[in-house]
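Descriptive analysis of the structure
Below, each chain spelled out in residue letters.
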Amino acid sequence: NSPPSPPSSSSSSSTTSTASSRLAFPYDLTNQMILAPLTRGGNLPYRRLCADLGCDISMSEMVYARSLLKGCPVERARLRRATNEKCFGVQIAT
């Protein structure tokens with residue numbers, strides 16, 4: 001499986017858009033294996049293992065913005081991406 005890709009942009013010159021088109025998620029996640037833990041259970045070694053076993057999309061553990069801004073090394077470590085992760089996102093809590 002390859003990571004999801006956004007739809008191709010259309011050459012439509014329409015300048016009006018509806019609320020539903022603005023809120024539509026532009027990726028096809030059909031048959032994609034997604035890992036998105038909130039806290040504990042999404043550290044780098046675990047995500048690396050999940051990617052080796054076929055995980056297509058993974059998310060970091062929840063990163064606390066306040067601690068990150070204070071330079072907490074534990075929070076900074078949660079931002080690291082494994083080289084074998086196809087698609088990686090970060091969850092940030094305020």
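In this report, we go over the structure that sits alongside the text. The shown structure was predicted, so the numbers you read here are calculated from the model rather than taken from an experiment. (Residues numbered from 1 in each chain as written. Predicted model: local features only at pLDDT ≥ 70, side-chain atom pairs only at ≥ 80, totals over all residues. Heavy atoms only, no water.)

**Some remarks on the side chain of Ser-58**
Here Ser-58 lies in strand 2 (residues 57-64). With residues up to four places along the chain from it excluded, the contact list for Ser-58 reads Leu-35, Arg-47, Glu-85, Cys-87, Phe-88 and Gly-89. (Helix = DSSP H or I, 4+ residues; strand = E, 2+ residues; numbered from the N terminus. Contact = heavy atoms within 4.5 Å.)

**Focus on the state of the cysteines**
One pass over the full model with this rule turns up zero disulfides. Take Cys-87: it sits in no disulfide, and the sulfur closest to it among the cysteines is that of Cys-55, at 9.5 Å. (Disulfide = S-S within 2.5 Å.)

**Points about a nonpolar patch on the surface**
A cluster of nonpolar side chains, Phe-25, Tyr-27, Leu-29 and Ile-34, forms an exposed patch at the surface whose accessible area comes to about 380 Å². One can find Tyr-27 in the loop between helix 1 (19-23) and strand 1 (34-35). (Patch = residues over 30% accessible without salt bridge, like charges linked within 9 Å, V, L, I, M, F, W, Y side chains within 5 Å. Areas by Shrake-Rupley, 256 points an atom, 1.4 Å probe, with all protein chains shown as cover. Salt bridge = Lys/Arg side-chain N within 4 Å of Asp/Glu carboxyl O.)

**Topic: the pattern of salt bridges**
Pairing is possible between side chains that carry opposite charge, provided their charged atoms lie close to one another. Under the counting rule described, the total for this entry stands at four salt bridges. Across the pair Glu-75 and Arg-78 runs a salt bridge, and its minimum N-O distance is 2.6 Å. On the accessibility criterion, Glu-75 (6% relative accessible area) is buried. A residue is classified by how much of its surface remains accessible, and Arg-78, at 21% relative accessible area, is partly exposed. (Buried < 20%, exposed > 50% of the residue type's maximum accessible area, 1.4 Å probe, protein only.)

**A closer look at the sheet that holds strand 2**
Read across the sheet, three strands follow the order 1-2-3 without closing on themselves; strand pairing throughout is parallel. The open sheet has two edge strands, strand 1 and strand 3 (87-93), and neither has a second partner. Inspection of the sheet shows strand 1 paired to strand 2 by two bridges, in the parallel sense. Note on strand 2: the bridge partner recorded for Ile-34 is Ile-57. (Pairing = 2+ DSSP bridges.)

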